[in-house]
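Observations on the model geometry
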Amino acid sequence: MIDSEEMKQAEEQYSANSIQVLEGLEAVRKRPSMYIGDISERGLHHLVYEVVDNCIDEAMAGFCDTVDVQILEDNSIRVQDNGRGIPTGMHEKEHRSALEVVLTVLHAGGKFNKNSYKVSGGLHGVGVSCVNALSDLLVAEVHREGHVFLQKYSKGKPLGPVQIVGDCEDTGTIITFHPDAEIFTQTTVYKYDTLANRLRELSFLNRGIKIVLTDRRELVDEFVKDNESGESKATGRQVYRSETFFSEKGLSEFIDYLDAGAEKVTPEPVCVESDKIIPIDIALQYNTGYSEKIYSYVNNINTIEGGTHLQGFKMGLTRSLKNYADRNKMLEKYKGDELKQGDFLEGLTAVVSVKVAEPQFEGQTKTKLGNTEVTSAVSQATAAAMDNFLEENPKIGKTIVEKILLAATARTAARKARENIQRKSPLSGAGMPGKLADCSSNDPEICELFLVEGDSAGGTAKQGRDRKTQAILPLRGKILNVEKAAVDRAFDSQEIQNIYTALGVTVAQEDETGEKHMDLSKLRYHKVIIMTDADVDGSHIACLILTFFFRYMFDLIKNGYVYLATPPLYLVKKGKEEVYCWTEEQREEAAFRLGKGSDKGYTVQRYKGLGEMSEEQLWSTTMDPERRRLRKITIDNAAQAERTFSMLMGDDVPPRRQFIEENAHYANIDA
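Computed from a prediction, not measured in an experiment: that's the story for all the values here.

Attention now goes to the overall build of the protein chain. Across its full length, the protein chain carries 20 helices and 26 strands. Summarising the internal contacts of the protein chain: among those between residues at least 6 apart in sequence, 71% fall at separations of at least 24. In the structure as shown, the protein chain presents an accessible area of about 31,100 Å², 47% of it carried by carbon and sulfur atoms.

Structure below.
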């Protein structure tokens, strides 16, 4: 936050003339993917983030503390803040209202004026104007200078001038928009959970800001927690689904949220705060697990490809821990390979957040920070904070170093296991796994690999498949839960070795920045399809396989190569007429139609396993590209995905029980 004098100056300088124009808006509707990433579900939700980011920028400048987001009945979005309100005065160069300039001209905004915003997420200035261009209706309501200003737009064009429609005593901006179906042809329906994950993340990154999300599309049963038992109980009333996100401690609470299912090594997160060169906010915590979970942000933007701030953090942490181990002579008995940076990161959960006045991002997607001065600033701040923590907590420091040495020992064993996998690679002439029924085509773009549980289902799938493009790899029972296993155990698993060998890929290797990536140039299939039974055991097996892909083959998910098959749950039959159903609603509809309103004259078969189907049935319902239903696995929010995998597949039971209790109200559970 800035002091009162700076706030006063910023208030005075944030006027119509603060809005600077760089270029027009026309290209957004022609090539929307250039500005919001894509026009699928992800791009649809990105519109909301752009508007909310403007509110957060007001909060970061010290003028806003509450943001209200509502999903309205018609899938419009309403975002309100209590900031200063977008300026509405006449713009000198444009000769029209500054509000209209902000909403209709690309690269127009107060963020190019250093006096208006010290730091900002949307530094390219395309946010709210892009939302306007891609909405069939947008209504801007500004509370400012004692008046309520209103202007409506359609597809980026104003439907009339800015009007004063009333008086007010408060300040703020309300943006209500409906996405244009001509642009978002796949869907214009917003997902509550997707928005909730991002808003929760923003509340952790900006402590002290209240963000409220409400879904006004349908009523849900109200549940409250009993103060004595801690269990959720229904009140008998129905309310709109709503959550309030507020964090008093910021990143330390973010770490607690991410590590909810883990056994901690450090009882409390270690916090790093500095504003000597740039504002730096970091929290980190070690747990007994084996995964490295580090998330980096610049001005609230999730830099999924890292950058100089992440490099600085790893350098500072490694230097501090290595120096501590040297000073305490803890490396004298260690006889393994030289310690590497990855050894210091095993079992680490960390969030690195920096605020940079003029960040140098790689493109509008803002996935990697390039400012070189950030590296040393973050490295020094991290090392200094860790040095103090280790000196004040010598027992914990010793435990962390011992964990690092175990990680190094396991890395050596894992290297030998990886070499074993490489020797079994089909490219080395070792051949394919014995149970793999390969396809005849060598074109990976049309080839598919089905991972099937057990020999029975595998045999049916082999008989029913298209032998030219579809390969079948049966897996024996439940594969290793890699969430609870060291890396060397994972690579020793025969089933995991078979997956690597069948795919033709190598184990992910670290690049010069310490990030792990797979070489996918020799990938033999561009569709890897997990096909399990439609019961609880099948769902668990699918979850185990997905956990393995998430932890060890993330690049497959990132590139859109991993899918879930969806076999039908029911077969409703009357005479020769058969109807396959994937949902309870479809079963009821088919039964009503075939029974002509009666509950007689038809039969219902509930499929529990793939082995219950004939090869023709499995092909026609689950494997035929013309009729099947595949679900592509995507990761929109890595931090939320990490938490979910850790909670569902980790050792700690109470957080998993709480997760199920909280989410069972909004999910269909197959008993």
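For the pair helix H12 (residues 454-464) and helix H18 (residues 615-623), the least separation of the axes is 8 Å and the interaxial angle reads 80°. Between H12 and H18, the crossing angle belongs to the class labelled roughly perpendicular. Across the interface between the two elements, Thr 460, Ala 461, Gln 463 and Gly 464 from H12 touch Glu 615, Leu 618, Trp 619 and Met 623 from H18. For the contact of H12 with H18, the class distribution of residues is 4 nonpolar, 3 polar and 1 charged.

Mapped onto the secondary structure, Arg 84 falls in the loop between strand E3 (77-81) and helix H5 (98-104). Using a relative accessible area of 4% as the deciding quantity, one classes Arg 84 as buried. Among the polar contacts listed, one links the side chain of Arg 84 to the side chain of Glu 58, at a separation of 2.6 Å.

This paragraph deals with the sheet that holds strand E23 (residues 570-574). Strand order in the open sheet formed by 3 strands is E24-E23-E25, with antiparallel pairing between adjacent strands. The open sheet has two free edges, formed respectively by strand E24 (577-581) and strand E25 (603-606), since each of these has just one partner strand. The average undirected angle you get between the axes of adjacent strands in this sheet is 20°. Here E23 pairs with E24 via 5 bridges, running antiparallel. The partner of Lys 573 across the bridge, within E24, is Glu 578.

For the rest of this paragraph, the subject is the sheet that holds strand E16 (residues 348-354). Taken in spatial order, the 5 strands make up an open sheet running E12-E13-E16-E14-E15, and their pairing is mixed. Two strands bound the open sheet, and with one partner strand each, they are strand E12 (270-274) and strand E15 (301-302). Examined bridge by bridge, E12 and strand E13 (residues 280-286) share 5 bridges and lie antiparallel to one another. Bridging from a neighbouring strand, Val 270 pairs with Leu 284 of E13. Lying over the sheet, helix H10 (residues 373-392) contacts E12, E13 and E16, oriented at roughly 135° with respect to E12.

Next up on the list: the state of the cysteines. The tally for this structure, following the rule as stated, stands at 0 disulfides. The closest cysteine sulfur to the non-disulfide-bonded Cys 447 is located on Cys 439, 3.6 Å from its own sulfur. Looking at Cys 447, the relative accessible area reads 2%, which means it is buried.

Here the focus is the side chain of Ser 296. As for its placement among the helices and strands, Ser 296 is situated in strand E14 (residues 293-298). Within the structure, Ser 296 has its side chain in polar contact with the side chain of Thr 303 (distance 2.7 Å). A polar contact of 3.4 Å, which involves the side chain of Ser 296, links it to the side chain of His 309. Leave out the neighbours within four places in its chain, and Ser 296 touches Ile 301, Asn 302, Thr 303, Gly 306, His 309 and Val 352.

Now for the pattern of salt bridges. Following the criterion strictly, the structure yields 28 salt bridges and no others. The partner of Glu 495 in a salt bridge is Arg 476, with the nearest N and O atoms 3.8 Å apart. Of this pair, Glu 495 sits in helix H14 (residues 494-503) while Arg 476 sits in the loop between strand E18 (470-475) and helix H13 (487-492), and the two are 19 residues apart along the sequence. Taking relative accessible area as the criterion, Glu 495 reaches 10% and is therefore assigned buried. Several salt bridges share partner residues, and in doing so they unite Arg 29, Lys 155, Asp 180 and Glu 182 into one network.

The next point concerns the environment of Lys 210. Mapped onto the elements of the fold, Lys 210 is located in strand E10 (residues 210-225). It is 6.2 Å that separates the C-alpha atoms of Lys 210 and Asp 65, two residues lying 145 residues apart in sequence. Once residues lying within four places of it in the same chain are set aside, the contact partners of Lys 210 are Asp 65, Thr 66, Val 67, Thr 244, Phe 245 and Phe 246.

Turning to H10, a few remarks are in order. The end-to-end C-alpha distance of H10, which contains 20 residues, comes to 30 Å, matching closely the 28 Å that a straight helix rising 1.5 Å per residue would cover. If you check which residues of H10 are buried, you get Val 374, Thr 375, Ala 377, Val 378, Ser 379, Ala 381, Thr 382, Ala 383, Ala 385, Met 386, Phe 389 and Leu 390.

Moving on: the packing of aromatic side chains. Applying the stated criterion to the full structure yields 9 aromatic pairs. When the centroid spacing of 6.5 Å and the interplanar angle of 45° are considered together, the rings of Phe 254 and Tyr 297 count as tilted. One end of the pair, Phe 254, is in helix H8 (residues 251-258); the other, Tyr 297, is in strand E14, with 43 residues separating them in the sequence. Look at Phe 548 and Tyr 552: their rings are 5.9 Å apart centre to centre, the planes differ by 20°, and that puts the pair in the stacked class. With a gap of 4 residues between them, Phe 548 and Tyr 552 both fall in helix H15 (residues 536-552), about one helical turn apart. Across the pair, Tyr 552 and Phe 548 agree in class, each one buried. Put simply, the rings of Phe 491, Tyr 500, Phe 548, Phe 549 and Tyr 552 pair up and form one aromatic cluster. In this structure, Lys 403 packs its charged tip against the face of Tyr 290, placed 5.7 Å from the ring centre. It is Arg 587 that lies over the ring of Tyr 570; its NZ or CZ is 5.6 Å from the centre.

The backbone of Asn 299 shows a phi angle near 50°, a positive value even though the residue is not glycine. Note on placement: Asn 299 falls in the loop between E14 and E15. The class for Asn 299 is buried, based on a relative accessible area of 1%. At Lys 329, a position not held by glycine, the phi torsion is positive, near 55°. Looking at where Lys 329 falls in the secondary structure, it is placed in the loop between helix H9 (308-327) and E16.

Compared with the 28 Å implied by 1.5 Å per residue over 20 residues, the 28 Å span of H9 between its first and last C-alpha is a close match. With its phi angle positive at about 55°, Lys 329 sits one or two positions after the end of H9.

It is worth spelling out the nonpolar core at this point. By size, the foremost hydrophobic cluster in this structure holds 48 residues, and its most contacted members are Val 48, Val 69, Ile 77, Phe 177, Tyr 190 and Leu 213. It is helix H4 (residues 41-60) that provides the largest number of residues to this core, a total of 10 residues. The contact partners of Leu 213, leaving out residues within four places of it in the chain, are Val 69, Ile 71, Tyr 192, Leu 195, Ala 196, Leu 199, Arg 241, Ser 242, Glu 243 and Phe 245.

What follows concerns the environment of Ala 413. Mapped onto the secondary structure, Ala 413 falls in helix H11 (residues 394-423). Spatially, the C-alpha atoms of Ala 413 and Asp 488 are 5.6 Å apart, while their sequence positions differ by 75 residues.

Direction vectors running N to C along H4 and helix H7 (residues 192-205) enclose 25°, while the axes themselves pass 11 Å from each other. Classified by the angle their axes make, H4 and H7 are roughly parallel. H4 and H7 meet at a crossing whose hand is right-handed. From H4, His 45, Val 48, Tyr 49, Val 52, Asp 53 and Ile 56 reach across to H7, where they touch Thr 194, Leu 195, Arg 198, Leu 199 and Leu 202.

Procedures and definitions
- Residues numbered from 1 in each chain as written.
- Predicted model: local features only at pLDDT ≥ 70, side-chain atom pairs only at ≥ 80, totals over all residues.
- Heavy atoms only, no water.
- Helix = DSSP H or I, 4+ residues; strand = E, 2+ residues; numbered from the N terminus.
- Contact = heavy atoms within 4.5 Å.
- Areas by Shrake-Rupley, 256 points an atom, 1.4 Å probe, with all protein chains shown as cover.
- Axes fitted to C-alpha atoms, helices over the stretch in contact; angles between N-to-C directions.
- Parallel < 35°, antiparallel > 145°, perpendicular 65-115°, else oblique.
- Nonpolar A, V, L, I, M, F, W, Y, C, P; charged D, E, K, R; others polar.
- Buried < 20%, exposed > 50% of the residue type's maximum accessible area, 1.4 Å probe, protein only.
- Polar contact = N/O pair within 3.5 Å; in protein donor to acceptor, adjacent residues only side chain to side chain.
- Pairing = 2+ DSSP bridges.
- Disulfide = S-S within 2.5 Å.
- Salt bridge = Lys/Arg side-chain N within 4 Å of Asp/Glu carboxyl O.
- Expected span 1.5 Å × (residues − 1).
- Phe/Tyr/Trp six-rings, centres within 6.5 Å; stacked < 30°, edge-to-face > 60°.
- Lys NZ or Arg CZ within 6 Å of the ring centre and 35° of its normal.
- Core = buried A, V, L, I, M, F, W, Y, C linked by side-chain atoms within 4.5 Å.
- Left-handed = near helix turned anticlockwise from the far one by under 90°.

Spatial relationships are all this shows, so hold off on functional conclusions.
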